[in-house]
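Descriptive analysis of the structure
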Amino acid sequence: MAGNRDRFTTATRLRLLGEQTAARVYRSQNRRQDRRSRLTGRAAFLALVVCTLVVALAYPMRQYVSQRNEIAEQEREAREARQRVEELRDEKARLQDDAYIQRLAREHLHYVMPGETGYTMIDPEAVRERREERDATDRPWYSNVLDGVDNADRPDR
């Protein structure tokens, strides 16, 4: 009887072990099915509709943003134009004043009133630069090129 009992216990153990294994396999298959079934036909259709709406609205939104930028740019240019008009009106009003005209003539045209003595100060550097510019423009081009080649080796440069 003792041998019969051990056999029964081993058979029972094998059966229990098989049931546990079957339960694990069943659970893992259910998990796989749960993962597969997350994306249903409705969810796929909803994703398709959302993607279609995004694509359909992308171009009009881009146009809207670019037009808003253009409007802002035009408003900025209009403000600058109004400011420039005000400056020109002020300048026009100043030009109506004889004292302002006399001051401009003295400053820019070097005019003097009768009985005054006018002096003009000449900057030696400016005279030398003008002379160099005039010398380069009065000569033929090949002379300028040869002078450039000759002056390139000078140690004072």
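Look up: the structure comes first, before these words.
We now turn to the structure provided with this report. (Residues numbered from 1 in each chain as written. Predicted model: local features only at pLDDT ≥ 70, side-chain atom pairs only at ≥ 80, totals over all residues. Heavy atoms only, no water.)

1. Let's talk about the overall build of the protein
The number of helices and strands found in the protein is 5 helices and 0 strands. Along the chain direction, N to C, the helices and strands of the protein fall in the order α-α-α-α-α. Among the 157 residues that make up the protein, the fraction classed as buried is 1%. Put simply, the protein shows about 15,200 Å² of open surface, and 56% of that area lies on carbon and sulfur atoms. (Helix = DSSP H or I, 4+ residues; strand = E, 2+ residues; numbered from the N terminus. Buried < 20%, exposed > 50% of the residue type's maximum accessible area, 1.4 Å probe, protein only. Areas by Shrake-Rupley, 256 points an atom, 1.4 Å probe, with all protein chains shown as cover.)

2. So, unusual backbone geometry
The backbone of His110 shows a phi angle near 60°, a positive value even though the residue is not glycine. Along the polypeptide, His110 turns up in the loop between α3 (98–109) and α4 (124–138).

3. Some thoughts on helix α2 (residues 41–95)
Between its first and last C-alpha atoms α2 spans 81 Å; for 55 residues at 1.5 Å apiece the expected length is 81 Å, and the two agree. The sharpest bend along α2 reaches about 35° and sits at Ala58, with the proline Pro60 one to four residues further on. (Expected span 1.5 Å × (residues − 1). Bend = angle between axes of the 7 residues up to and from the residue.)

4. Structural notes on the packing of aromatic side chains
Each aromatic ring pair is summarised here by two numbers: the centre-to-centre distance and the angle between the ring planes. Tallying each qualifying case throughout the model produces 1 aromatic pair. Both rings, one in Trp141 and one in Tyr142, keep their centres 5.9 Å apart while their planes meet at 80°; by these two values the pair is edge-to-face. For Trp141, a relative accessible area of 65% puts it in the exposed group. (Phe/Tyr/Trp six-rings, centres within 6.5 Å; stacked < 30°, edge-to-face > 60°.)

5. Quick word on the pattern of salt bridges
Under the criterion given, the structure shown has 9 salt bridges. Notably, a salt bridge pairs Glu80 with Arg76, separated by 2.4 Å at the nearest N-O pair. Of this pair, Glu80 and Arg76 both sit in helix α2, 4 residues apart, which is roughly one turn of the helix. Notably, a salt bridge pairs Glu107 with Arg103, separated by 3.6 Å at the nearest N-O pair. Separated by 4 residues within a single helix, Glu107 and Arg103 lie in helix α3, roughly one turn from each other. Here Glu107 falls in the partly exposed class, since its relative accessible area comes to 43%. You can call Arg103 partly exposed: its relative accessible area is 42%. What you see here is one network of salt bridges that share partners, running through Glu73, Arg76 and Glu80. (Salt bridge = Lys/Arg side-chain N within 4 Å of Asp/Glu carboxyl O.)

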